[in-house]
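# Summary of structural features
The primary structure of each chain is shown beneath.
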Amino acid sequence: MRRFDGTQLISRIAGNAAIVSNLGPSSDELWHSGLRDRNFYTYGNMGLCSSIALGMAMATDEQVISLDGDGSMLMNLGTIASIGREKPKNLTVVVWDNEKWGQTGGQTSHTGMGTDLEQVAKSCGITRTKTVTDLEDLEAAVSEAMKTDGPNFIVAKIEESGYMPVAPVEPEFTLYRFRNTFVEPRQPGS
Ligand SMILES: Cc1ncc(C[n+]2csc(CCOP(=O)(O)OP(=O)(O)O)c2C)c(N)n1
Ligand SMILES: [Mg+2]
């Protein structure tokens, strides 16, 4: 399964959920999947995508989806332990697992050498876990996650999507636009 196909699928079935995306290709491909005000693209902050999503999930009752990467998740495995400790019902983590640090040259990551992130999640007390390798199973897993109390942890084994232009994301604008989806519109004159 190509990450871009998986990303488009999740954008389509996410409803009103906030989607937080990992740096690099995961954010570029989310941007190219179509603009949603509840997309929160992260750039530069390797390892923090699911930590940010965890914080969001704890701050709202609405659904939050993290689109993380294997290499980034490996750099901050403590995030999985924190999710297992806090167990937010409204958080779904999808790890795009291409078994490499794709953006920086495609070096094989630990998941290509035997590390199983689903088992790590289980060992941290996350019970709703799955590893999927095709779009049908990804759709079933994410749809189910949107309807069932989490936290959900889905490892999606993927291939690179091919050339994808870097998205023209401006962090300040992302934050402004995203935040506004969580606040009541101001009444005229107030
Ligand atoms: C703290 C830190 N270390 C290193 C980098 C350089 N870097 C950017 S993306 C990346 C690889 C990310 O791998 P993964 O999360 O698996 O995503 P992929 O590129 O495979 O989609 C690295 C090492 C960085 N941005 N920040
Ligand atoms: Mg990777």
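Residues numbered from 1 in each chain as written. Chains lettered and ligands numbered in written order. Predicted model: local features only at pLDDT ≥ 70, side-chain atom pairs only at ≥ 80, totals over all residues. Heavy atoms only, no water.

Another point: the sheet that holds strand β8 (residues 152–157). Read across the open sheet, the 6 strands follow the order β2-β1-β3-β4-β8-β7; overall the sheet is parallel. If you trace the sheet from one side to the other, it starts and ends with β2 (39–41) and β7 (128–132), each paired once. Direction aside, the axes of adjacent strands within the sheet are offset by 15° on average. Where strand β4 (residues 91–97) and β8 come together, 6 bridges link them in parallel fashion. Bridge pairing links Asp 97 to Lys 157 in β8. (Pairing = 2+ DSSP bridges. Helix = DSSP H or I, 4+ residues; strand = E, 2+ residues; numbered from the N terminus. Axes fitted to C-alpha atoms, helices over the stretch in contact; angles between N-to-C directions.)

Where helix α1 (residues 3–13) meets helix α2 (residues 25–32), the closest approach of the two axes is 9 Å, and the angle between their N-to-C directions is 55°. Taken together, α1 and α2 sit at an angle that is classed as oblique. As for how α1 packs across α2, the hand of that crossing is right-handed. Here Arg 3, Phe 4, Thr 7 and Ser 11 of α1 lie close against α2, whose contacting residues are Pro 25, Ser 26, Glu 29, Leu 30 and His 32. In terms of residue class, the contact of α1 with α2 is built from 3 nonpolar, 4 polar and 2 charged. (Parallel < 35°, antiparallel > 145°, perpendicular 65-115°, else oblique. Left-handed = near helix turned anticlockwise from the far one by under 90°. Contact = heavy atoms within 4.5 Å. Nonpolar A, V, L, I, M, F, W, Y, C, P; charged D, E, K, R; others polar.)

Here the magnesium ion (ligand 2) is held by Asp 70 (OD), Asn 98 (OD1) and Lys 100 (O), and the distances to it run 2.1 Å. Between consecutive donors of the magnesium ion (ligand 2), the numbers of intervening residues give the motif D-x27-N-x1-K. One end of the pair, Asp 70, is in helix α4 (residues 70–75); the other, Asn 98, is in the loop between β4 and β5 (100–101), and 28 residues separate them in sequence. Classification of Asn 98 by relative accessible area gives buried; the value is 10%. (Donors = N, O, S within 2.8 Å, 3.2 Å for Na, K, Ca; no water. Buried < 20%, exposed > 50% of the residue type's maximum accessible area, 1.4 Å probe, protein only.)

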